[in-house]
Amino acid sequence: MSTPEKFTGYACTDHAKWSDLTKLSYPPKKFDDYDVDIKINCCGVCGSDVHTVVNDWGKKSNLPLVVGHEIVGTVTAVGPKVTLAKVGDIVGVGAQARSCLKCKNCLEGEETYCSEDLIHTFGSVYPESGETSQGGYANYVRIHEFFTFPISQKLFEKGYKPEDIASFFCGGLTTYAPLIDNGCGPGKKVGIIGIGGLGHFAIQIAKALGAEVYVFSRTDSKKEDALKLGADHYFATSEENWNKPIEFELDMILSTANSGKGFDLNAYLRCLKINGKFISVGLPAEAFSVSPRTFFSNKCSFSASHLGNRKQMLELLKLVEEKNIKAWIEPVEISAAGCKEVLERLHNNDVKYRFVLTGYEKEFANDN
């Protein structure tokens, strides 16, 4: 196998025309000793992709930018010091492309919070060259070996396709990590806010870990889906006094909410036991608001979680295999029109519950 000198992908070139991506070629970053080149088979579509191209997080992006960080593909080249992957391996990549692996956080197994050299799969600037990292809406990606994850052949033998696995590398891990970090397991009562791209993973994972699962959504419209995913209890938060039956009941609440509009954080915090935890993994553009008095009633705490580490990603893949956890996906073939469709529909919350871009072999047949 070999890697082309230039990669080809669909890039955002103008935030004002955020869903009109342009197909273009670009040189990848310099190939370093620990780098792995991956020929992409498919790429999940994450809410971060939309926030980035729309630019509603207010971060400066270097354009043109190829987004996408839920990647499955085949290794085509490895650096001379690579030991964690070999040519021909089928691997996954999530939202991180590199860390220093030497700072205090990295050495403690928290490379997601690297303080020295944190490079995201797309949109980060490599300090040694000034180049911008480019993501998975492309035919190839170049990633540090530590952030490539082997996919067991057993998953494919059980009927999983690459597109069934892609979304676990961001959406799945983003919910698995805080559940594990905060003690989700048998005997625990765990609340999940939202049934979408993150929430539908969180429900399944919390149930697979042995917890009793409480699901919150604004209306009853997703109740049937929540129960199919494994929820034990369902609450429509638009109903008056919805939280009264479960005040001081839950060990933790994981919020996957992607909007802060009309979000009554005080009401959710009242559902937590003494010393209960509220963890946010959704990234709404709007801020939550809460009264400090609410925390006095049960000594609850509020925190957030960013991605997850390598150990947790490997654990999650094993859990998926053992418990047959499934992403609810809608595949769309990659093209200018396909990228436009998934970005606009995800922006409008019109997906059930993850998009995955497929058809890479056909679309990039002349670009390899």
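In what follows, the structure referred to is the one given above.
Chemist: Teacher, can you tell me more about the sheet that holds strand 10 (residues 189-193) here?
Modeler: Paired through their backbone hydrogen bonds, the strands of a sheet run either parallel or antiparallel. Taken together, 6 strands build an open sheet; the order of strands is 12-11-10-13-14-15 and the sheet is parallel. Two strands close off the open sheet at either side, each with one partner strand: strand 12 (233-236) and strand 15 (301-304). When strand polarity is set aside, the average angle formed by the axes of neighbouring strands in this sheet is 20°. Here strand 13 (residues 250-255) runs beside strand 14 (residues 272-280); their pairing, made up of 5 bridges, is parallel. Looking across to strand 14, one finds that S255 is bridged to S280.

Chemist: Can you help me understand the side chain of Q312 in this one?
Modeler: Residue placement: Q312 occurs in helix 10 (residues 310-323). At 2.9 Å, the side chain of Q312 forms a polar contact with the side chain of D181. Leaving out residues up to four positions away in the same chain, Q312 has contacts with L173, Y176, A177, I180 and D181.

Chemist: Looking at this model, I keep getting lost on the pattern of salt bridges. Mind explaining?
Modeler: Pairs can form between side chains of opposite charge once their charged atoms are near each other. Applying the stated rule across the entire model yields 26 salt bridges. For K189, the salt bridge is made with E249, and the minimal N-O distance between the two is 2.3 Å. With K189 in strand 10 and E249 in the loop between strand 12 and strand 13, this pair connects stretches of sequence that are 60 residues apart. Ionic pairing is found between R345 and D350, a salt bridge with its closest N-O pair at 3.0 Å. Linked through salt bridges whose partners overlap, the residues forming this network are K29, K30, D32 and D35.

Here is what the cut-offs are and how they apply
- Residues numbered from 1 in each chain as written.
- Predicted model: local features only at pLDDT ≥ 70, side-chain atom pairs only at ≥ 80, totals over all residues.
- Heavy atoms only, no water.
- Pairing = 2+ DSSP bridges.
- Helix = DSSP H or I, 4+ residues; strand = E, 2+ residues; numbered from the N terminus.
- Axes fitted to C-alpha atoms, helices over the stretch in contact; angles between N-to-C directions.
- Polar contact = N/O pair within 3.5 Å; in protein donor to acceptor, adjacent residues only side chain to side chain.
- Contact = heavy atoms within 4.5 Å.
- Salt bridge = Lys/Arg side-chain N within 4 Å of Asp/Glu carboxyl O.

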